[in-house]
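Structure assessment
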Amino acid sequence: MEIKKVMVIGAGQMGSGIAQVHAMAGMKVILHDLKEEVVERGLAQITKNLTRQVEKNRMTEEEKQTALSQIELSTDLQNASEVDIVIEAAIENMKIKSQLFTELDQIAPAHTILATNTSSLPITEIAAATTRPEKVIGMHFMNPVPVMKLVEVIRGLATADEVYEVVRALSMKLGKTPVEVNDFPGFVSNRILMPMINEAIFTVYEGVATPEAVDEVMKLGMNHPMGPLTLADFIGLDTCLYIMETLHEGFGDDKYRPCPLLRKYVKAGWLGKKTGRGFYQYE
Ligand code: CAA
């Protein structure tokens, strides 16, 4: 099956990035969110990113306009009746995702694949909210989506081989490298990344070093493009905490215990770059 039309649910940082890469690869995209102002903001972000590509001579103005013309904005979930795949990038909450997938299952045609960009929630449980668990799959993009090459493709217990193949081919069409993983808490990416970030927070909490020193060690010593605390601020400290809690609950092992300092920052509303303050302060 060739994917011609995609619906992306959630027009935040991840959703707008996912919509952008599909439009750039020549597919029709419906960018959906609950409020008009949110989808408008998502489109503005895409326009800004594409304008930068034109300024850098990586794209012509005409190619930019063609990509933008592929994108349609939506606040009506019924639009899922016209697409070959839905990629959900909404809030990380199992109850909300299950409800959404139940609705999508009712609206979308029988051939439509229902994918989720969840960073750690079980694909198998999301799939159980539908009558088509064989067509439900994890398609986990990395932030910033237009730049990062990986798509972690997560098979739920019932995901069909044909569905996996379609998503693999789609990821390659986007210029990304798909990597197949099975459905366990945090998959591979966040099972490895988040404990590292959590440990970095513990080193600050225990007074081993300042955030700047921790980041410098990891950047210069391990060649990471960003230190773990800068990265945590970039991802969002609420998301980091949520993923650590999912790992802790899923494996029951104390090595996944979220650092109390992470909890404290989230309670304070210091969620990182998006709120202007996390381990660092932003303008
Ligand atoms: N959207 C689009 N493009 C972006 C961008 C964004 N948000 N942020 C940076 N870029 C682009 C820049 O425009 C720049 O492109 P040009 O070459 O056209 O100038 C390019 O990326 C490089 O940016 P910079 O030169 O400003 O800075 P950099 O070299 O430090 O690169 C980075 C930025 C790519 C973000 C790099 O710091 C990096 O790789 N950081 C780590 C990112 C990472 O680990 N992501 C995974 C997070 S975990 C996740 O997403 C999963 C989850 O479930 C939590």
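Throughout this document, residue positions are counted from 1 along each chain, in the order its sequence is written. In keeping with the predicted nature of the model, local features appear solely for residues at pLDDT of at least 70, side-chain atom pairs appear and are counted solely at 80 or more, and the whole-chain, interface and lining totals rest on all residues. Hydrogens and waters are ignored; side-chain quantities use all the structure's heavy atoms.

- You'll find the protein entered in an unreviewed UniProt entry as 3-hydroxybutyryl-CoA dehydrogenase, with Halalkalibacter akibai given as the organism.
- UniProt, in the comment section headed Pathway (unreviewed entry), describes the protein in these words: "Lipid metabolism; butanoate metabolism."
- UniProt positions are given in the numbering used here, feature names are shortened, and annotations may be inferred rather than shown by experiment. UniProt annotates the protein under Sequence similarities (unreviewed entry) with the comment "Belongs to the 3-hydroxyacyl-CoA dehydrogenase family."

Re the sheet that holds strand β3 (residues 71–74)
- Pairing between strands requires that DSSP locate at least two bridges from one strand to the other. Helical segments are the DSSP runs of H or I of at least four residues, strand segments are the runs of E of at least two, and each set is numbered from the N terminus. Strand order in the open sheet made by the 8 strands is β3-β2-β1-β4-β5-β6-β7-β8, with mixed pairing throughout. Of all strands in the sheet, those bounded by a partner on one side alone are β3 and β8 (177–182). Direction aside, neighbouring strands of the sheet carry axes that sit 25 degrees apart on average.
- Strand direction decides the pairing type here: strand β6 (residues 136–141) and strand β7 (residues 150–155), joined by 5 bridges, are antiparallel. Bridging across to β7, H140 finds its partner in E152. Angles shown run from 0 to 180 degrees and are taken between the N-to-C directions of axes, each axis being a line fitted to C-alpha atoms and, for helices, limited to the stretch in contact.

Side note on the domain arrangement of the protein
- What fixes the domain bounds is an automatic or database domain assignment. For the protein, the domain assignment lists domain 1 (5–182) and domain 2 (189–273).
- For domain 1 versus domain 2, the distance between C-alpha centres works out to 27 Å.
- Any two residues having at least one pair of non-hydrogen atoms within 4.5 Å are treated as being in contact. Across the boundary between the two partners, domain 1 contributes 12 residues, which contact 6 residues of domain 2.
- Buried area is a sum: the accessible area each of two parts loses on coming together, probed at 1.4 Å, counted once for each and added. Here domain 1 and domain 2 share an interface that buries about 710 Å² over both sides, 52% of which is from carbon and sulfur atoms.
- Think of a salt bridge as a Lys or Arg side-chain nitrogen and an Asp or Glu carboxyl oxygen that are within 4 Å of each other. Linking domain 1 with domain 2 are 0 salt bridges.
- Under this definition, polar contacts are N or O atom pairs within 3.5 Å; protein pairs additionally need one hydrogen-donor-capable and one acceptor-capable atom, and for neighbouring residues in sequence, both atoms have to be side-chain atoms. For the interface between domain 1 and domain 2, the tally reads 4 residue pairs in polar contact (both at pLDDT 80 or more).
- Residue polarity follows a fixed list, in which Ala, Val, Leu, Ile, Met, Phe, Trp, Tyr, Cys and Pro are nonpolar, Asp, Glu, Lys and Arg are charged, and the others, Gly among them, are polar. Classifying every residue of the side of domain 1 that touches domain 2 gives 4 nonpolar, 6 polar and 2 charged.

Here's the deal with unusual backbone geometry
- N143 connects to P144 through a cis peptide bond whose omega is -5 degrees.
- Its location among the elements puts P144 in the loop between β6 and β7.
- The phi torsion at F187 lies on the positive side, around 50 degrees, for a residue other than glycine.
- With respect to the element layout, F187 can be found in the loop between β8 and α7 (189–205).
- Positive phi, normally seen in glycine, also occurs at N223, with a value near 65 degrees.
- Along the polypeptide, N223 turns up in the loop between α8 (211–222) and α9 (228–235).
- Only protein chains enter the accessibility calculation, which uses a 1.4 Å probe. A residue is then buried if its area is under 20% of the maximum for its type, exposed if over 50%, and partly exposed in between. In this structure N223 comes out as exposed when scored by relative accessible area, which is 69%.

Let's talk about the UniProt feature "site: Important for catalytic activity" (unreviewed entry) in the protein
- Per the UniProt annotation, the sites labelled "site: Important for catalytic activity" (unreviewed entry) are H140.
- Residues in contact with H140, not counting those within four places in the same chain, are T116, N117, T118, S119, L150, V151, E152, I154, F187, S189 and N190.

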